[in-house]
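Residue-level structure breakdown
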Amino acid sequence: MTAPHVEPHAGEPLIPMPALTPDALRAAVERLTPSRMQAFVRDLVDATTSAQQGQSLAPLRTFAHTWGVFVAIQRYPSRAARLRHLEEVVSAGVEDPADAIAEIRKIHADAEAESGL
């Protein structure tokens, strides 16, 4: 039996911040953005292969960082929507992107802090 779906209060995360492990991040991505699972799996395979070939944990650390920040952002629907809007502003090239870029950096910095990076 599955638990009933409960909408969070405004400003609250959809899920707790998971550990920065492949399994925990996978579960979070599956829950928050199932459409991104193919990219997640591809990135995990690439990171694992690179780590084995280079005998370095750096690719796995990069993977955990990238997907940890992604999950931290996606946990808050309003923050994820704001980030998408800011990215559209920058890519449109119609207005000065300086303010949008600064806000994008802040969103990423906040997400890094939440994920313990």
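Described below are features of the structure shown in this document.

What counts, and where the lines are drawn
All residue numbers refer to positions counted from 1 along the written sequence of the respective chain. Since the coordinates come from a predicted model, pLDDT governs what is reported: local features require at least 70, and pairs of side-chain atoms require 80 or more to be given and counted, while whole-chain, interface and lining totals use all residues. The side-chain numbers reported here are obtained from all heavy atoms of the structure, hydrogens and water having been left aside. Grid points spaced at 1 Å over the protein atoms alone were grouped into cavities, where a 1.4 Å probe fits but cannot get out, and pockets, open sets with protein on both sides within 12 Å along at least five of seven lines, with lining residues defined by an atom within 4 Å of a point. Grid points are joined across faces, edges and corners, and a volume is the space filled by probe spheres set on the points. Helix and strand assignments follow DSSP, with helices taken as H or I runs no shorter than four residues and strands as E runs no shorter than two, numbered in order from the N terminus. Residue polarity follows a fixed list, in which Ala, Val, Leu, Ile, Met, Phe, Trp, Tyr, Cys and Pro are nonpolar, Asp, Glu, Lys and Arg are charged, and the others, Gly among them, are polar. Note on ring pairs: Phe, Tyr and Trp rings are taken, using the six-membered ring of Trp, and paired if centres are within 6.5 Å. Classes follow the plane angle, with under 30 degrees stacked, over 60 edge-to-face and the rest tilted. Each residue's exposure class comes from its accessible area (1.4 Å probe, protein chains only) as a fraction of the maximum for that residue type: buried when under 20%, exposed when over 50%, partly exposed otherwise. Axis definition: a line fitted to C-alpha atoms, limited for helices to the stretch in contact. Angles are taken between N-to-C directions and run from 0 to 180 degrees. In what follows, roughly perpendicular refers to angles from 65 to 115 degrees, roughly parallel to angles under 35, roughly antiparallel to angles over 145, and oblique to any angle outside these ranges. Contacts were defined at the residue level, with two residues in contact if any of their heavy atoms lie within 4.5 Å.

Left-over empty space is what a probe sized like a water molecule reveals as it rolls over the atoms. Each pocket or cavity is described by its volume, and for the largest pocket that value is around 180 Å³. Lining the largest pocket are Arg 36, Val 69, Phe 70, Ile 73, Gln 74, Ala 80, Leu 83, Arg 84, Glu 87 and His 108. Elements supplying a minimum of two residues to the lining of the largest pocket: helix H3 (58-74) and helix H4 (77-92). Counted by class, the lining of the largest pocket contains five nonpolar, two polar and three charged residues.

A complete count under the given rule lists three aromatic pairs for this structure. With 5.2 Å between their ring centres and 75° between their planes, Phe 40 and Trp 67 make a pair best called edge-to-face. Of this pair, Phe 40 sits in helix H2 (residues 37-54) while Trp 67 is found in helix H3, placing the two residues 27 residues apart along the sequence. Note on Trp 67: relative accessible area 2%, which makes it buried. Pairwise contacts between aromatic rings join Phe 40, Phe 63, Trp 67 and Phe 70 into one cluster.

On to the packing of H3 against helix H5 (residues 98-114), then. Any two packed helices are characterised by the angle at which their axes cross and by the distance between the axes. Contact pair H3 / H5: the axes reach a minimum separation of 8 Å and the direction vectors enclose 105°. Comparing the axis directions of H3 and H5 gives the class roughly perpendicular. Residue-level contacts link His 65, Val 69, Ala 72 and Ile 73 of H3 to Ile 107, His 108, Ala 111, Glu 112 and Glu 114 of H5. Taken together, the residues of the contact of H3 with H5 sort by class into five nonpolar, two polar and two charged.

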